[in-house]
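So you can see what is in the structure, the chains are spelled out below.
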Amino acid sequence: MANRTRWIIELDIEEDSEERSTYAVARLRRDGAVLEATGTAHRHPRDLDLARVGDDLAAARALVELASALQTDAGQVLEKFGANPPTQP
């Protein structure tokens, strides 16, 4: 039987309307540790006021950073056991 693991990623998004920016934090809790990554999006004064776009961009950037942190973590574990770390996609 295959092993199944479920990870739940928390994603908090906050918009600062005065600064015209959106800030996202992605957190993955596993094995008693937390991996955390952030992402931001900034709206140009001429851009339309579409909060969803800022949310999407900030969240995507946080998730990309989280993915990179996971790959780095995996590489460090592999190196600890004498294996080559994974290559970047």
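This is a predicted model, so every value here is computed, not measured.

**Student:** When you look at the sheet that holds strand S3 (residues 33-42) in this model, what are you seeing that I'm missing?
**Tutor:** Hydrogen bonds along the backbone pair up the strands of a sheet, which may run parallel or antiparallel. Spatially, S1-S2-S3 is the arrangement adopted by the three strands of the open sheet, whose pairing is antiparallel. At either margin of the open sheet sits one strand with a lone partner, and together these are strand S1 (9-16) and S3. Strand after strand, the sheet turns through a mean of 15 degrees between neighbouring axes, direction not considered. Two elements, strand S2 (residues 21-30) and S3, share 10 bridges in a ladder whose sense is antiparallel. Residue pairing in the sheet places arginine 27 in a bridge with glutamate 36 of S3. Each of S1, S2 and S3 touches helix H1 (residues 51-80); the most contacted strand, S3, lies at about 145 degrees to it.

**Student:** Just to check I follow, could you spell out the nonpolar core for this structure?
**Tutor:** In a soluble, globular protein the nonpolar side chains are often hidden away together inside. Counting nine residues, the largest nonpolar core is built from Ala24, Ala26, Leu28, Leu35, Ala37, Ala41, Ala58, Ala62 and Leu66. Elements represented by at least two residues in this core include exactly S2, S3 and H1. With residues up to four places along the chain from it excluded, the contact list for leucine 66 reads Ile9, Ala26, Leu28, Leu35 and Ala37.

The rules behind these values
Residues numbered from 1 in each chain as written. Predicted model: local features only at pLDDT ≥ 70, side-chain atom pairs only at ≥ 80, totals over all residues. Heavy atoms only, no water. Pairing = 2+ DSSP bridges. Helix = DSSP H or I, 4+ residues; strand = E, 2+ residues; numbered from the N terminus. Axes fitted to C-alpha atoms, helices over the stretch in contact; angles between N-to-C directions. Contact = heavy atoms within 4.5 Å. Core = buried A, V, L, I, M, F, W, Y, C linked by side-chain atoms within 4.5 Å. Buried < 20%, exposed > 50% of the residue type's maximum accessible area, 1.4 Å probe, protein only.

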